[in-house]
Amino acid sequence: MREPTAPAYYDRRAREYDDWYLGHGAWVERDREGFDEELARVCETLFALPPTRSLDVACGTGFLTRHLRGEVTGLDQSSRMLEVAAGRLPHATLVQGDAFALPFPDDAFDRVVSGHFYGHVDARERAAFLREARRVAPELVLVDASREHSPVDDEWSERRLLDGSRWEVYKRYFAPDPLLGELGGGEVLHAGRWFVVVRSPRSAG
Ligand SMILES: C[S@@+](CC[C@H](N)C(=O)[O-])C[C@H]1O[C@@H](n2cnc3c(N)ncnc32)[C@H](O)[C@@H]1O
């Protein structure tokens, strides 16, 4: 089923989502040379951000969120993802909501962080997400998949869950500078084979 950002897919994937990060389950057989080391660097990069009021949009299981310091809020549309995140983030505020209509006033945060969400949405949704992210915080940090390990810029890739269901997921792969170009400018915090992390001030967008 083609339903890249629909709650059904992520609700059903929630309990097995971290297998991707941990190399468990369906990911055991994949070639992931250097993945673990790079993931550790990405986590360190997030930890190194100055502690402040952060909103992690589409926080999922909170795997990356837990490395943010300061006053942390995680938002996701999936209640199942948030259940997993709640076990991991006892001190964070977790909110079920829509990334394209954030339930917060202007400038409610100092920073929006978002991991592996921007790369799943189409051009119209991207604009809506950026508008909302820019509205609620003066800084945006994106973590996403690197173009370096992918032969294509984007694709619809099939995902099979442990319950046997099959889904088609839209996914983009980013080189850091074109990504910053889309955001209007900023700086590269991490550029690797698996991940890119960029920071973009509101003034850039
Ligand atoms: C690929 S996961 C990324 C999770 C996490 N940020 C990470 O990097 O591991 C995408 C997440 O986006 C959430 N999501 C999809 N559409 C959403 C929307 N419109 N509003 C809020 N969350 C959404 C899904 O529920 C899922 O948790």
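Provided above is the structure to which this section pertains.
Residues numbered from 1 in each chain as written. Predicted model: local features only at pLDDT ≥ 70, side-chain atom pairs only at ≥ 80, totals over all residues. Heavy atoms only, no water.

(A) Representation of the overall build of the chain. Scanning the chain from terminus to terminus reveals six helices and nine strands. The C-alpha radius of gyration computed for the chain amounts to 16 Å, which stays within 12% of the reference 17 Å derived for 205 residues, consistent with globular compactness. Counting only C-alpha atoms and orienting by the principal axes, one finds that the chain spans roughly 40 × 35 × 30 Å. In the chain, which comprises 205 residues, the proportion classed as buried is 54%. At a minimum sequence separation of 6, the contacts of the chain that also span at least 24 residues come to 61%. (Helix = DSSP H or I, 4+ residues; strand = E, 2+ residues; numbered from the N terminus. Rg over C-alpha atoms; globule rule 2.2 N^0.38 Å. Buried < 20%, exposed > 50% of the residue type's maximum accessible area, 1.4 Å probe, protein only. Contact = heavy atoms within 4.5 Å.)

(B) Here's a closer look at the side chain of Arg-126. On the secondary structure map, Arg-126 appears in helix α5 (residues 123–136). One buried charge, Arg-126, has no salt-bridge partner; the nearest side chain with opposite charge is Glu-182, at 4.8 Å. Looking at Arg-126, its side chain comes within polar contact range of the main-chain oxygen of Val-121, at 3.1 Å. (Lys, Arg positive; Asp, Glu negative; His and termini not counted. Salt bridge = Lys/Arg side-chain N within 4 Å of Asp/Glu carboxyl O. Polar contact = N/O pair within 3.5 Å; in protein donor to acceptor, adjacent residues only side chain to side chain.)

(C) Fine view of the nonpolar core. In terms of nonpolar packing, the biggest core is built from 31 residues, with Trp-20, Tyr-21, Leu-39, Leu-46, Leu-64 and Phe-195 touching the most fellow members. Breaking this core down by element, the ones donating at least two residues are α1 (7–13), α2 (18–22), α3 (35–48), α4 (79–88), β5 (139–145), β7 (166–172) and β9 (195–201). For this core, the leading source of residues is α3, giving five residues. Not counting residues up to four positions away in its chain, the partners in contact with Leu-46 are Leu-64, His-67, Leu-68, Val-141 and Val-143. (Core = buried A, V, L, I, M, F, W, Y, C linked by side-chain atoms within 4.5 Å.)

(D) Highlighting the sheet that holds β5. The mixed open sheet is built from seven strands, whose spatial order is β3-β2-β1-β4-β5-β9-β8. Across the chains shown, the open sheet's two edge strands, defined by having one partner strand only, are β3 (93–96) and β8 (187–191). Ignoring which end each strand starts from, the neighbouring axes of this sheet average 20° apart. Relative to β9, β8 is paired through four bridges, and the arrangement is antiparallel. Paired with His-190 across the bridge in β9 is Val-197. Contacts from α4 reach β2 (70–76) and β3, with the element oriented near 175° to β3. (Pairing = 2+ DSSP bridges. Axes fitted to C-alpha atoms, helices over the stretch in contact; angles between N-to-C directions.)

(E) A look at α4. Residues Met-81, Leu-82, Val-84 and Ala-85 constitute the buried set of α4. Down the axis of α4, the smallest arc covering the buried residues is 160°, so these residues share one side. The inward-facing, buried residues of α4 contact α1, β2 and β3. (Arc of directions from axis to C-beta.)

(F) Structural view of the site of the ligand. Around the ligand, a shell composed of 21 residues is seen, among which Tyr-21, Ala-58, Asp-76, Ala-99 and Gly-115 lie nearest. Backbone polar atom of Gln-77 to a nitrogen atom of the ligand: 3.2 Å apart, as the coordinates give it. At a separation of 2.9 Å, a nitrogen atom of the ligand approaches a polar side-chain atom of Asp-98. In isolation the ligand has 600 Å² of accessible area, and contact with the protein removes 98% of it. Applying the majority rule of atoms within 2 Å of the grid points places the ligand in the largest pocket. (Near = heavy atom within 4 Å. Areas by Shrake-Rupley, 256 points an atom, 1.4 Å probe, with all protein chains shown as cover. 1 Å grid on protein atoms, 1.4 Å probe; cavity = no way out; pocket = protein on both sides within 12 Å on 5 of 7 lines; lining within 4 Å. Sits in = over half its atoms within 2 Å of the grid points.)

(G) How the structure looks around a negative patch on the surface. On the surface, a cluster of negative charge is made up of Asp-31, Glu-33, Asp-36 and Glu-37. Within the secondary structure, Asp-31 is located in the loop between α2 and α3. (Patch = residues over 30% accessible without salt bridge, like charges linked within 9 Å, V, L, I, M, F, W, Y side chains within 5 Å. Charge placed at Lys NZ, Arg CZ, Asp CG, Glu CD.)

(H) Region of the structure containing the pattern of salt bridges. Applying the stated criterion to the full structure yields 14 salt bridges. One salt bridge connects Arg-12 with Asp-163, and the closest N-O pair in it is separated by 3.1 Å. Note that Arg-12 is positioned in helix α1 and Asp-163 in the loop between β6 (154–160) and β7, a separation of 151 residues in sequence. Its relative accessible area of 44% is what places Arg-12 among the partly exposed residues. Across the salt bridge formed by Glu-83 and Arg-15, the nearest N and O atoms sit 3.4 Å from each other. Residue Glu-83 is found in helix α4, and its partner Arg-15 is found in the loop between α1 and α2; the two are separated by 68 residues along the sequence. Accessibility expressed as a relative area gives 64% for Arg-15, which makes it exposed. Overlapping salt bridges bring together Arg-111, Glu-139, Glu-187 and Arg-199 as one network.

What is shown is where atoms sit, not what they do.
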